[in-house]
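Each chain, written out:
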Amino acid sequence: MTPAPPYDVPVTESALLSFDGRVLEAFGYVDAARYHVWEEPRIEFRTGRIRRLTIITKSGRKHTVLYDEPCLPGLRILADLLERSRPQAPES
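Residues numbered from 1 in each chain as written. Predicted model: local features only at pLDDT ≥ 70, side-chain atom pairs only at ≥ 80, totals over all residues. Heavy atoms only, no water.

### Notes on the side chain of Ser-18
Along the chain, the position of Ser-18 falls in strand β2 (residues 15-19). For Ser-18, a relative accessible area of 12% gives the class buried. In terms of polar contacts, Ser-18 uses its side chain to reach the side chain of Asp-8, at 2.5 Å. Leave out the neighbours within four places in its chain, and Ser-18 touches Tyr-7, Asp-8, Val-23, Leu-24, Glu-25 and Phe-27. (Helix = DSSP H or I, 4+ residues; strand = E, 2+ residues; numbered from the N terminus. Buried < 20%, exposed > 50% of the residue type's maximum accessible area, 1.4 Å probe, protein only. Polar contact = N/O pair within 3.5 Å; in protein donor to acceptor, adjacent residues only side chain to side chain. Contact = heavy atoms within 4.5 Å.)

### Topic: the sheet that holds strand β7 (residues 62-66)
As summarised here, the arrangement of the 3 strands in space is β5-β6-β7, forming an open sheet in which the pairing is antiparallel. Strand pairing shows two members of the sheet lacking a second neighbour, β5 (42-46) and β7, which therefore form its edges. Between one strand axis and the next, the sheet turns through 20 degrees on average, direction left out of account. The pairing of strand β6 (residues 52-56) with β7 spans 5 bridges and is antiparallel. (Pairing = 2+ DSSP bridges. Axes fitted to C-alpha atoms, helices over the stretch in contact; angles between N-to-C directions.)

### Looking at helix α1 (residues 72-85)
In this model, α1 (14 residues) spans 20 Å end to end at C-alpha, consistent with the 20 Å of a helix rising 1.5 Å per residue. Of the positions making up α1, those classed as buried are Leu-72, Gly-74, Leu-75, Leu-78, Ala-79, Leu-81 and Leu-82. The inward-facing, buried residues of α1 contact β1 (7-12), β2, β3 (23-27), β5 and β6. (Expected span 1.5 Å × (residues − 1).)

### What to know about the packing of aromatic side chains
Taken as a whole and judged by the stated rule, the model has 1 aromatic pair. Between the aromatic rings of Phe-45 and Tyr-67, the centroid separation amounts to 6.0 Å while the plane-to-plane angle is 85 degrees, which identifies the pairing as edge-to-face. Of this pair, Phe-45 sits in strand β5 while Tyr-67 sits in the loop between β7 and α1, and the two are 22 residues apart along the sequence. Classification of Phe-45 by relative accessible area gives partly exposed; the value is 22%. A cation over a ring is seen here: Arg-76 above Phe-45, with NZ or CZ 4.9 Å from the ring centre. (Phe/Tyr/Trp six-rings, centres within 6.5 Å; stacked < 30°, edge-to-face > 60°. Lys NZ or Arg CZ within 6 Å of the ring centre and 35° of its normal.)

### Regarding the nonpolar core
In this structure, Val-11, Leu-17, Leu-24, Ile-43, Leu-53, Leu-75 and Leu-78 are the most contacted members of the largest nonpolar core, which totals 23 residues. Elements supplying a minimum of two residues to this core: β1, β2, β3, β4 (33-36), β6 and α1. (Core = buried A, V, L, I, M, F, W, Y, C linked by side-chain atoms within 4.5 Å.)

### Describing the sheet that holds β4
With respect to topology, 4 strands assemble into an open sheet ordered β1-β2-β3-β4, the strand pairing being antiparallel. Since the sheet does not close on itself, it has two edges, and those belong to β1 and β4, each with one partner. On average, each strand axis in the sheet is tilted by 15 degrees relative to the strand beside it, whichever way the strands run. Note that β3 and β4 share 4 bridges and pair antiparallel. The partner of Leu-24 across the bridge, within β4, is Tyr-35. Seen against the sheet, α1 touches β1, β2 and β3 and runs at an angle of roughly 135 degrees to β1.

Here you go:
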């Protein structure tokens, strides 16, 4: 079962990603960051010794942060929610 927005998921003990269905927000770093669904944000993961996730928009804007391994399942759910929230191309 996929959770309905708003969906909050920890990234580390002191950082959080939140998605309300329209805006993805990153909290707990130097500054908060906001990504609107029209920017088509997606999340890519790097696993291994140094775990990082990168939020990338269609224009190429990037935000990379470290994540804690126990948070990965919730982060993958968030990545799926973002993917399904992308604006749909009009049908011809």
